[in-house]
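So you can see what is in the structure, the chains are spelled out below.
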Amino acid sequence: MPHVISVVQSKGGTGKTTVTMFLATAMQKKGYKVAVLDSDPQQSAMRWSSASGEPLPFPTLPAPSPSELSEGLHRAKKADFVLIDTPPGNEKIIDAAVSAASLVLVPTGVSPMEMDRTQITLDALAKTTTPVAVVLTNVDRREKLADTVHAELVGDETMALADVVIPTRATTRKAFGTVPDLNEPWKALATELCSAFED
């Protein structure tokens, strides 16, 4: 059975699809068999795949309802890792994705608004028995705010904080519809997450 990573965030526009597609690419390049399930009704991952000028190195399957998610997981049962791109605010599909997950990954920036929404997400996940990890994304490391947020999250015992921080990059923001061009932070994040399943 594959390891399932559900990418969850109650706020839209936090880069869930970007995280999903970059991580899937990085894991595939590490030699793992990967599949992506797109549970967002907007089908951002599916549109990313369709817009790509060359085939992505992993299948991307639509799964915009709990029943379709279950079917997609069955179809991807031979993968090593399945990443689920979830929508904001759709409790039924988010609950299904969290229930299916080996790990829930919560991407967030470090602005006060983003952290407020992230805390709402973490509060909603508080009762799950599935491990939860937060990854800081689109971060300008020159800002002291990033260090402040990092220090606050380290003290939260309800989740883990990824060691790797994804910096803001123009190439990442422009990656939609392409096979992601991986830089070192994405490779390092994939290594960190894959290693967590080897312990």
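Here, every reference points to the structure presented above.
Residues numbered from 1 in each chain as written. Predicted model: local features only at pLDDT ≥ 70, side-chain atom pairs only at ≥ 80, totals over all residues. Heavy atoms only, no water.

> How would you sum up the overall build of the protein chain? Please name residues and give values.
Regarding its fold elements, the protein chain presents eight helices and seven strands. Taking 16 Å as the expected radius of gyration for a compact globule of 199 residues, we find that the protein chain reaches 15 Å, a close match to that expectation. Projected onto the principal axes, the alpha-carbon positions of the protein chain cover approximately 45 × 35 × 35 Å. A total of 199 residues make up the protein chain; the buried ones form 50% of that total. (Helix = DSSP H or I, 4+ residues; strand = E, 2+ residues; numbered from the N terminus. Rg over C-alpha atoms; globule rule 2.2 N^0.38 Å. Buried < 20%, exposed > 50% of the residue type's maximum accessible area, 1.4 Å probe, protein only.)

> Give me unusual backbone geometry: which residues, what numbers.
The phi torsion of most residues other than glycine is negative, and most of the peptide bonds are trans. If you check the backbone angles, Gln 43 has positive phi at about 55° while not being a glycine. Mapped onto the elements of the fold, Gln 43 is located in the loop between strand E2 (34-38) and helix H2 (44-51). What makes Gln 43 buried here is its relative accessible area of 17%. The phi torsion at Asn 138 lies on the positive side, around 55°, for a residue other than glycine. Tracing the chain through its elements places Asn 138 in the loop between strand E6 (132-136) and helix H6 (144-154).

> Go over the packing of aromatic side chains, please, and point to the residues and values.
Overall, the coordinates contain five aromatic pairs when judged by the stated rule. Ring geometry for Tyr 32 against Phe 81: centres 5.1 Å apart, planes inclined by 90°, an arrangement best described as edge-to-face. With a gap of 49 residues between them, Tyr 32 in the loop between helix H1 (16-29) and E2 and Phe 81 in strand E4 (residues 81-85) connect regions that are remote in the sequence. Under the relative-accessibility criterion, Tyr 32 is labelled partly exposed at 24%. According to the relative accessible area criterion, Phe 81 is buried, its value standing at 2%. In textbook terms, an aromatic cluster arises when at least three aromatic residues are bridged by ring pairs, as seen for Phe 22, Trp 48, Phe 176 and Trp 186. (Phe/Tyr/Trp six-rings, centres within 6.5 Å; stacked < 30°, edge-to-face > 60°.)

> Residues and numbers for the sheet that holds E6, please.
Spatially, the seven strands line up as an open sheet ordered E3-E2-E4-E1-E5-E6-E7, and their pairing is parallel. Looking along the sheet, the strands with just one partner apiece sit at the ends: strand E3 (60-62) and strand E7 (160-161). As paired elements, strand E1 (residues 3-7) and strand E5 (residues 103-108) share three bridges and run parallel to each other. Residue Val 7 lies in a different strand from E5, and its bridge partner there is Leu 105. Along the sheet, H2 contacts E2, E3 and E4; its crossing angle with E3, the most-contacted strand, is approximately 135°. (Pairing = 2+ DSSP bridges. Contact = heavy atoms within 4.5 Å. Axes fitted to C-alpha atoms, helices over the stretch in contact; angles between N-to-C directions.)

> Hey, could you go over the side chain of Asp 85 for me, with residue numbers and the actual values?
Inspection of the secondary structure puts Asp 85 in strand E4. With no salt bridge to any partner, buried Asp 85 finds its closest opposite charge in Lys 16, at an N-O distance of 5.7 Å. When sequence neighbours within four positions are dropped, the list of residues in contact with Asp 85 reads Val 7, Lys 16, Thr 17, Thr 20, Leu 37, Asp 38, Ser 39, Asp 40 and Ala 45. (Lys, Arg positive; Asp, Glu negative; His and termini not counted. Salt bridge = Lys/Arg side-chain N within 4 Å of Asp/Glu carboxyl O.)

> Now, about the side chain of Thr 118: what can you tell me, with residues and values included?
Relative to the elements of secondary structure, Thr 118 occurs in helix H5 (residues 112-124). Residue classification places Thr 118 among the buried residues on the basis of a relative accessible area of 1%. Within the local environment of Thr 118, its side chain forms a polar contact with the side chain of Thr 108, the two groups lying 2.7 Å apart. The contact partners of Thr 118, leaving out residues within four places of it in the chain, are Gln 9, Val 106 and Thr 108. (Polar contact = N/O pair within 3.5 Å; in protein donor to acceptor, adjacent residues only side chain to side chain.)

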